[in-house]
Amino acid sequence: MAERKLLVLFGSQTGTAQDTAERIGREAKRRHFQCRVEALDSYDVANLINELLVVFVCATTGQGDPPDNMKMFWRFLFRKNLPPGSLCQLDYAVLGLGDSSYPKFNFVAKKLHKRVLQLGGNPLLPVALGDDQHDLGPDAVVDPWLLVLWDKILALYPLPPGLEMISPDVRFSAGDVVMIQPQNYPEDVQQFCQLLRLDPDRRFVLKPTEPNASLPALLPQPCTIQHLVTHYLDISCVPRRSFFELLSYFSTNELEREKLQEFSSAQGQEELYSYCNRPRRTTLEALWDFPHTTCAIPPEYLLDLIPRIRPRAFSIASSMLAHPDRIQILMAVVRYKTQLSKPRRGLCSTWLASLNPEQGDFRVPLWVKKGGMKFPADPDTPVIMIGPGTGVAPFRAAIQERVAQGRRGNCLFFGCRQKSKDFYCQAEWEELVTKGFLTLFTAFSRDQEEKVYVQHRIQENRRLVWELLNSRNAHIYLAGNAKQMPAAVAEALQSVLQLEGGLSPSEAEEHLIALERSQRFQSETWS
């Protein structure tokens, strides 16, 4: 068996690339590799011809310059007298960290990848281009890219017999979120391949059509059509106007082409909204409606036509102090009716709900992100948590964490439609109330003639809320649906400040804004 050695070399200016390199080193050791992590300029570059497996992690600084701790390596690597096949034994991968607001985005990583390739290196997968400007930061690219990288490396260097991967040291705290990468349903994948007359087992290799074009980091090379459609193409999303515009160029059918052109025109936007957005028609269903055009789509345009499947964010609903080896989430399976005969389904929730652990192990790609909510470090600071529906998820994590630390002063306002159907974690909450760790107020909006919501319970218990805020410096947290609820809760809190604190309406509004600025009022809502 080949020797299981991995070298991780980094070029870092601010420390981010070094942190990422050290993370890869830790992940390598969990997979029983002998691993060294070094700055590029600390490494004797003449030894590179003897290396078998290297991961490069490098930042780009200024106007496309290499970081200070890789400049000597950079000069050596670009010497003109280096033989073209000098790195022919090297399997390598390049991970770039940059900022797309700069013109030479990830220039160093792209150039390094190309140069090692010129010297005969064998790329394990396309260069990864982490972007500071992404909503989720560079990890939006780094995390899924690493999952594919380890699959590639373990195919070349399998785990020795009798050894298993060491469990990851995943750390998270109350308020953090888990990102889950879903996949398409098998029946939808089959239909898509039939519609486009594609062989699911056909293998292909992606190549950039332009010199600086980046390739999708999530896709293995070579890749099958089955893998592409299952894991990458978002065939269940509602298509945008640009989808119909591109589709019109492939159309060989006059009637279909006219309709596609209408949908992609400025004048046709109202009709497109009625066709697509209002009934939540999926990309796959739209393709069914244009059969002549669909079967004429050149496969090489699929990545331009259909966006990639985005990871979904879920608030973590458990604490490591209560469940050290688990991440728990509270998820509603999305399913609803529109004017279309087939019910609409949420891609991620339906996929997760379909997994049956009794049928074997399933691989769910996920990673943890720091959340927006921070809970007080002072054990004596009370918390008021307002979490209707699945919005209660981060508060379950916070309450478990605080109870494990012996902290009281936990006040929860929970709301749902019906106590008998939607009272999540009922037994858990009631036990904590009995033990004196939790003060609980519930609002079951459909269990009586007049609808009652969390904002009504806040107003009913305004004296307690005011006392916690005014006398005990309590922090307020709000999570849940972003429609009318946040505004209604803010209004209820202002009402408390007016009726119990004697503030005028404008003073109450200002006070609530001041609580937000000082992080004593934090909210996390979603649509």
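Thresholds applied
Residues numbered from 1 in each chain as written. Predicted model: local features only at pLDDT ≥ 70, side-chain atom pairs only at ≥ 80, totals over all residues. Heavy atoms only, no water. Helix = DSSP H or I, 4+ residues; strand = E, 2+ residues; numbered from the N terminus. Phe/Tyr/Trp six-rings, centres within 6.5 Å; stacked < 30°, edge-to-face > 60°. Lys NZ or Arg CZ within 6 Å of the ring centre and 35° of its normal. Core = buried A, V, L, I, M, F, W, Y, C linked by side-chain atoms within 4.5 Å. Buried < 20%, exposed > 50% of the residue type's maximum accessible area, 1.4 Å probe, protein only.

### Quick word on unusual backbone geometry
For step 1, the next point in the chain: Between Gln221 and the following residue, Pro222, the backbone shows a cis peptide bond with an omega angle of -5°.
For step 2, the next point in the chain: Looking at where Pro222 falls in the secondary structure, it is placed in the loop between β8 (203-204) and β9 (223-224).
For step 3, the next point in the chain: At Arg280, a position not held by glycine, the phi torsion is positive, near 60°.
For step 4, the next point in the chain: Within the chain, Gln519 stands out as a residue other than glycine whose phi angle is a positive 70°.
For step 5, the next point in the chain: Inspection of the secondary structure assignment puts Gln519 in the loop between α20 (505-517) and β18 (521-526).

### With respect to the packing of aromatic side chains
For step 1, the next point in the chain: Per the counting criterion, the structure on display carries 14 aromatic pairs.
For step 2, the next point in the chain: Feature note: the residues Phe243, Phe244, Phe263 and Tyr275 constitute an aromatic cluster, connected by ring pairs.
For step 3, the next point in the chain: The ring of Phe78 carries Lys111 above its face, with NZ or CZ at 5.0 Å from the centroid.
For step 4, the next point in the chain: Note that Arg408 overlies the ring of Phe437, its terminal NZ or CZ placed 4.2 Å from the centroid.

### Here's the deal with the nonpolar core
For step 1, the next point in the chain: Formed by 37 residues in total, the largest nonpolar core has its most connected members in Phe192, Leu233 and Phe244.
For step 2, the next point in the chain: Per element, the largest residue contribution to this core is five residues, and it comes from helix α7 (residues 241-250).
For step 3, the next point in the chain: Counting residues in hydrophobic clusters, the runner-up holds 28 residues, among them Leu53, Ala93, Trp145 and Leu146.

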